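Take a look at the letters that make up each chain.
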Amino acid sequence: MTITHTVTPTAVQNKPVGAARRRVRPGRLGVHAFLMAVSLAFLAPLLLAVYASLRPYEETSRDGYFSLPKHLSFAYYKQAFSDSGMTKYFVNTLIIAVPGVVLVLFLAAFVAFAVSRLKLRGAMALLMLFTAGNLLPQQVIVTPLYVVFNRIPLPYWMSDSMTMFDSYWAVIVVQVGFQIGFCVFVLANFMRTLPQEILEAAIVDGAGVWTQYWRITLPLCRPALAALATLQFTWMYNDFLWALVFMSDGDKLPITSALNNLRGEFFTDYNLLAAGSVIVALPTLIVFLLLQRHFIAGLTLGSSKG
């Protein structure tokens, strides 16, 4: 006996039409078009800088920056790296940024664990205090900090000036002080999303506070810590104000000040300056690419239920 299946034309037509309608919804197309436009708007200055850094200044001054190139080369990158002495400034920046990131995440994780996972009196007030520190304009305390750092003594092996002023410690302390509030706020909210049953089970097994923090809570916070490490390194790396205020020795300035060495007294080759800017931006791009997976996970974790 032969069994035949009949398929109605309506059933055949409805499924592709419905799928097609889902694929070409105008709203989705509009969202993608908007995101592409915003992305291009943000990338346009960087792309223009890269494009200008590959062209001779004489060509762009004659034909304009938006003209078609006649000659492209990487000569400006070699000149920018050698003329500005970037190796020294890169080292100075790492001396400031790496300890600053480690310290701010180390201290912020302690405070966030205390206010979010331990039953402390005034935990919410403490969290609000750390968060409120981000609302203070940095320029307001430049003069008081300048006076205080000139009066804080340091041994010679920590500072050539024998004071906090004109030392890496001054910049590191300020960076940690201003960034710790934001990190505490993010980590505290992230730790609140962790299942409380995990800590309760650890307490039943006899785990102390340090074990709850170091072996249970902190490993679960790796995505948030990676995201914050990426942001903090970028902010500290790009900072120019505090080093300019608290350092008088030009040999200690960070990489952001190296670009000033590419500006002439009477003439500035902006193509050379663009090449130097691209070189300066490369480390932050590399850090982001290395931590991209953890960075995106830290931003999106907790955005959906389950």
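An account of the accompanying structure is given in this report. Computed from a predicted model, the values in this text were never measured in an experiment.

**Observations regarding the overall build of the protein**
Phase 1 of the analysis: Tallying secondary structure elements over the protein gives 14 helices and zero strands in all.
Phase 2 of the analysis: Reading the protein from its N end, one meets helices and strands in the order α-α-α-α-α-α-α-α-α-α-α-α-α-α.
Phase 3 of the analysis: By residue count, 37% of the 306 residues in the protein fall in the buried class.
Phase 4 of the analysis: The contacts in the protein between residues at least 6 apart in sequence include a share of 70% that link residues at least 24 apart.
Phase 5 of the analysis: With the model as given, the accessible surface of the protein reaches about 19,100 Å², and the carbon-plus-sulfur share is 69%.

**Regarding the nonpolar core**
Phase 1 of the analysis: M86, L105, F149, L187, W242 and I255 are the most contacted members of the largest nonpolar core, which has 67 residues in total.
Phase 2 of the analysis: Top element by residues in this core is helix α5 (residues 86-117). It accounts for 14 residues.
Phase 3 of the analysis: Setting aside anything within four residues of it in sequence, one finds I255 in contact with M86, Y89, F90, T93, Y237 and V280.

**Looking at the side chain of Q175**
Phase 1 of the analysis: Structurally, Q175 is set in helix α8 (residues 168-192).
Phase 2 of the analysis: The buried category is assigned to Q175, whose relative accessible area is 4%.
Phase 3 of the analysis: Among the polar contacts listed, one links the side chain of Q175 to the side chain of D239, at a separation of 3.1 Å.
Phase 4 of the analysis: The residues contacting Q175, other than those within four sequence positions of it, are M236, D239 and W242.

**Here we look at the packing of helix α2 (residues 26-53) against helix α13 (residues 270-290)**
Phase 1 of the analysis: Relative orientation of the contacting elements α2 and α13 amounts to 120°, with a least axis distance of 8 Å. When the axis of α2 is compared with that of α13, the two are oblique. As α2 runs across α13, the sense of the crossing is left-handed. In this structure, α2 contributes A49, V50, A52 and S53 to the contact, and α13 contributes N271, A274, A275 and V278.
Phase 2 of the analysis: The class makeup of the residues in the contact of α2 with α13 is six nonpolar, two polar and no charged.

**Focus: the environment of L94**
Phase 1 of the analysis: Tracing the backbone shows L94 in helix α5.
Phase 2 of the analysis: In contact with L94, other than residues within four places in its own chain, are P99 and F233.

**Here we look at the packing of aromatic side chains**
Phase 1 of the analysis: All chains considered together, the criterion is met by 14 aromatic pairs.
Phase 2 of the analysis: Consider the rings of F74 and Y77, whose centres lie 5.9 Å apart with planes at 45°: the pair is tilted.
Phase 3 of the analysis: Taking relative accessible area as the criterion, F74 reaches 63% and is therefore assigned exposed.
Phase 4 of the analysis: Taking the relative accessible area as the measure of exposure, Y77 reaches 15% and is therefore buried.
Phase 5 of the analysis: Between W242 and F246, the aromatic rings sit 5.5 Å apart at their centres with planes inclined by 5°, giving stacked as the arrangement. Highlighted residues: W242 and F246, both in helix α12 (residues 241-246), separated by four residues, approximately one helical turn.
Phase 6 of the analysis: Judged by its relative accessible area of 2%, W242 is buried.
Phase 7 of the analysis: A relative accessible area of 0% places F246 in the buried class.
Phase 8 of the analysis: Through successive ring pairs, a cluster of aromatic residues spans F106, F110, F113, W210, Y213 and W214.

**As for a nonpolar patch on the surface**
Phase 1 of the analysis: On the surface, F106, L107, F110, W210 and W214 cluster together into a nonpolar patch covering about 510 Å² of accessible area.
Phase 2 of the analysis: Contributing elements (two or more residues each) for the nonpolar patch: α5 and α10 (209-220).
Phase 3 of the analysis: Tallying contributions element by element places α5 first for the nonpolar patch, with three residues.
Phase 4 of the analysis: Mapped onto the elements, W214 comes out in helix α10.

**Digging into the pattern of salt bridges**
Phase 1 of the analysis: Applying the stated rule across the entire model yields five salt bridges.
Phase 2 of the analysis: Of the charged contacts, one joins E59 and R55 as a salt bridge, the two residues approaching to 2.8 Å between their closest N and O atoms. For the residue pair E59 and R55, the accessibility class agrees, reading buried in each case.
Phase 3 of the analysis: Across the pair K252 and D160 runs a salt bridge whose closest N-O atoms are separated by 3.6 Å. Of the two residues, K252 is situated in the loop between α12 and α13 and D160 in the loop between α7 (142-151) and α8; the sequence distance between them amounts to 92 residues.

Criteria and cut-off values
Residues numbered from 1 in each chain as written. Predicted model: local features only at pLDDT ≥ 70, side-chain atom pairs only at ≥ 80, totals over all residues. Heavy atoms only, no water. Helix = DSSP H or I, 4+ residues; strand = E, 2+ residues; numbered from the N terminus. Buried < 20%, exposed > 50% of the residue type's maximum accessible area, 1.4 Å probe, protein only. Contact = heavy atoms within 4.5 Å. Areas by Shrake-Rupley, 256 points an atom, 1.4 Å probe, with all protein chains shown as cover. Core = buried A, V, L, I, M, F, W, Y, C linked by side-chain atoms within 4.5 Å. Polar contact = N/O pair within 3.5 Å; in protein donor to acceptor, adjacent residues only side chain to side chain. Axes fitted to C-alpha atoms, helices over the stretch in contact; angles between N-to-C directions. Parallel < 35°, antiparallel > 145°, perpendicular 65-115°, else oblique. Left-handed = near helix turned anticlockwise from the far one by under 90°. Nonpolar A, V, L, I, M, F, W, Y, C, P; charged D, E, K, R; others polar. Phe/Tyr/Trp six-rings, centres within 6.5 Å; stacked < 30°, edge-to-face > 60°. Patch = residues over 30% accessible without salt bridge, like charges linked within 9 Å, V, L, I, M, F, W, Y side chains within 5 Å. Salt bridge = Lys/Arg side-chain N within 4 Å of Asp/Glu carboxyl O.

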